[in-house]
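Descriptive analysis of the structure
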Amino acid sequence: MPKTIIPFGPQHPVLPEPLHLKLTVEDEIIVEVFPALGFVHRGLEGLVIHKDFQQMIQVVERVCGICSMIHAMCYCQGIEELMEIEVPPRAKMLRIIWSELHRIQSHLLWLGLFADSFGFESLFMQFWKIREKILDVNEATTGNRVIVSVNLIGGVRRDLSAEQIKWILSNLCWVEEEIGRLESTLMSDYTVKKRTAGKGVLPREKAFELGAVGPTARASGITQDLRMLGYSAFDWLDFQPVVETDGDCYARSRVRFREVLGSIDLVRQAVSKMPGGEIRTKAKGRPEGETCTRIEQPRGELLYYIKANGSKNLERLRIRTPTFANIPALLSILPGMWLSDVPVVVLSIDPCISCTER
Amino acid sequence: MFKMTPNIIHNLFHQKATRRYPRVVRPAFENVRGALFNDVAKCTFCGTCEVKCPSQCITVDKTAGLWIYDPFACVFCGICADICPSESLHQQSEYRLPLAGRETIMLKGEPKHKTEKTAKLMKEINDDTKD
Amino acid sequence: MLRDVNCLSLEALVGEVAKIKVQGYRFVTLSVAERDSDTFDIFYHFDKNLTLKHFKLSVSKGLPVPSITPVYLAAFLVENEIQDLFGIRFNGLVVNYERTLYLEPETKVTPFCRCTVIRTPGVEPTPDAATASEDN
């Protein structure tokens, strides 16, 4: 059987960011995959030479255009650990509210793209319409839609008034209602199931061995969610990770859908348990030492390795994003599949290539 | 075939799901980080905004009393407005409109003596970075 | 601060990593930091039940490092990235991009730490050749 090499990407209608896969295909069945990265490599880790550790917050926010607040939160947590600063409880809870709102909008973005990947454009637009409400909440409370710039070393920059909190809760009620309306369309539609169920199966052992993280791993039955660590005030909230066992595209979309509902519940809990007090502590001094911080991003486990030596600039900032860990898992799913299923499966791991290549 | 008809009739006679932009524009929220303005009458040309800016878009000339700002390099993070000791920098709620050519904003003012309040705020900011 | 860090030597690396795999640890990532002008610190991060464990390997610039891809295949992507950005060469990489993952074939100097790299794929730079080219 003659082999053909078909390039998938870097420009593809399904991909939000450029990723190149060289697919070796024999009669429509994929035999081998060879990825190529590097299309949006900006070298952001190297900017530590030029910008001091406080200016790096703005740089780190711009690593990803979807989950930017969570990068800043991880970075600030790492620096706060090095400088031994205690963040006030109100700031911790506010950070959780904004990061869960980020998780909701990231998953809604993905659900829309997922629907678009098998041609269901009207569902894509419905999901993004709901997402606009969350972005409005972000804009009104922090000043910007996605790159919210609300984290500082030692706390947060903005506070939420009681009126804003009431408004946020009413918006979340609307979001929950609308998502409930769309649930049966996404989850029980015959065509959607035909395109996604049983495709791109990642067995549990393979997922663990290849280091898959986030919803990709949780859909294969691995209970691993870093929010269980209890960083930043998560230990005051009641949280259960969402796990499915099938490991196919349908299970991954189910995990993300249920996580949206879980995040709405977390925001409600956070608002009801909001402590009073300050929103920031003064950060004096400079960081020294090395630390590893981890946080749960919408796509999985985010790891920051920070090395500082007491000067204004950090010595080394290493960012390991979840899509970087999920790409080897993707490479094991693809062989053996039909060529026409490739876009849906590649999108199902939620590739965020600008994060991967920084 | 008749499953969609109730939907179609409902959509014809009820409110549209989207806003009729540009005829209907949603008013901006308060405290949105929009365009940056400097009230040069209050500015003391201390240079703190230049030091703290993450994208280095502000240049301050203390002796000549010049405040030069590149709106195309600015990322509108608002750190300068938060930290300005004389509170002359502030952000509007509207975003900067698109411009046809690349422009730099240059403002000239009188370098003033710092008031006591500004001097105290500046000392606090500098202590943070020098410790 | 980093807790649970074991310092390893070049020879003991693959053996320790294989032991850790049997104990059920998941591979997280590798991080490289420059310790001084002729040593790199390579950190190997592993995770089990939400606790991190680190291995630290100090290697002089120019010396090839054994790859852990025979044990953890998922490490091939990050080891290729380190080859590109730092100029460290890994022996026994299962999937080797030969420094074309992020860099173009014409690039002579690695982005981090300015190590000059000899641009001939498939040829292992000897320690003498690598330090001689660093003086350029």
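Residues numbered from 1 in each chain as written. Chains lettered and ligands numbered in written order. Predicted model: local features only at pLDDT ≥ 70, side-chain atom pairs only at ≥ 80, totals over all residues.

1. So, the pairing of strand β3 (residues 66-69) of chain B
All names here are of chain B.
- Side chains of β3 alternate between two faces, with W67 and Y69 buried and L66 and I68 left unburied.
- For strand β2 (residues 58-61) and β3, the ladder comprises 4 bridges, and the chain directions are antiparallel. Looking at β3, one finds that I58 is bridged to Y69.
- Once β2 ends, the chain turns through 4 residues before running back antiparallel as β3, passing G65 with a positive phi of about 75 degrees.
- As paired elements, β3 and strand β5 (residues 105-108) share 4 bridges and run antiparallel to each other. (Buried ≥ 20, exposed ≤ 12 C-beta atoms within 10 Å, placed from the backbone. Helix = DSSP H or I, 4+ residues; strand = E, 2+ residues; numbered from the N terminus. Pairing = 2+ DSSP bridges.)

2. Concerning the nonpolar core
- Counting residues in hydrophobic clusters, the biggest one holds 140 residues, and the most contacted among them are M56 and Y75 of chain A.
- If one sorts the elements of this core by residue count, helix α3 (residues 89-117) of chain A sits on top with 14 residues.
- When residues no more than four places from it in sequence are discounted, the contact partners of Y75 of chain A are M56, I57, V60 and Y304 of chain A.
- Counting 17 residues, the second-largest nonpolar core is a separate cluster that includes F45, Y69, F76 and I79 of chain B. (Core = buried A, V, L, I, M, F, W, Y, C linked by C-beta atoms within 7 Å. Contact = placed C-beta atoms within 7 Å.)

3. Topic: the interface of chain A and chain C
- Between chain A and chain C, the residue contacts involve 25 residues of the former and 19 residues of the latter.
- Elements that contribute at least two residues to the side of chain A that touches chain C include exactly β6 (288-297), β7 (300-309), β8 (316-320) and α10 (322-333) of chain A.
- For the side of chain A that touches chain C, the leading source of residues is β6 of chain A, giving 4 residues.
- Across the side of chain A that touches chain C, the residue classes break down as 12 nonpolar, 7 polar and 6 charged. (Nonpolar A, V, L, I, M, F, W, Y, C, P; charged D, E, K, R; others polar.)

4. Description of the confidence of the model for chain C
Residue and element names in this part refer to chain C.
- Confidence in the prediction for chain C averages 75 pLDDT; 78% of positions are at 70 or higher.
- Contacts from residues 120-136, a stretch scored under 50 in pLDDT, to residues over four places away or in other chains number 18 contacts.
- Here the predicted complex carries an ipTM of 0.83, next to a pTM of 0.88. (pLDDT = per-residue confidence, 0-100.)

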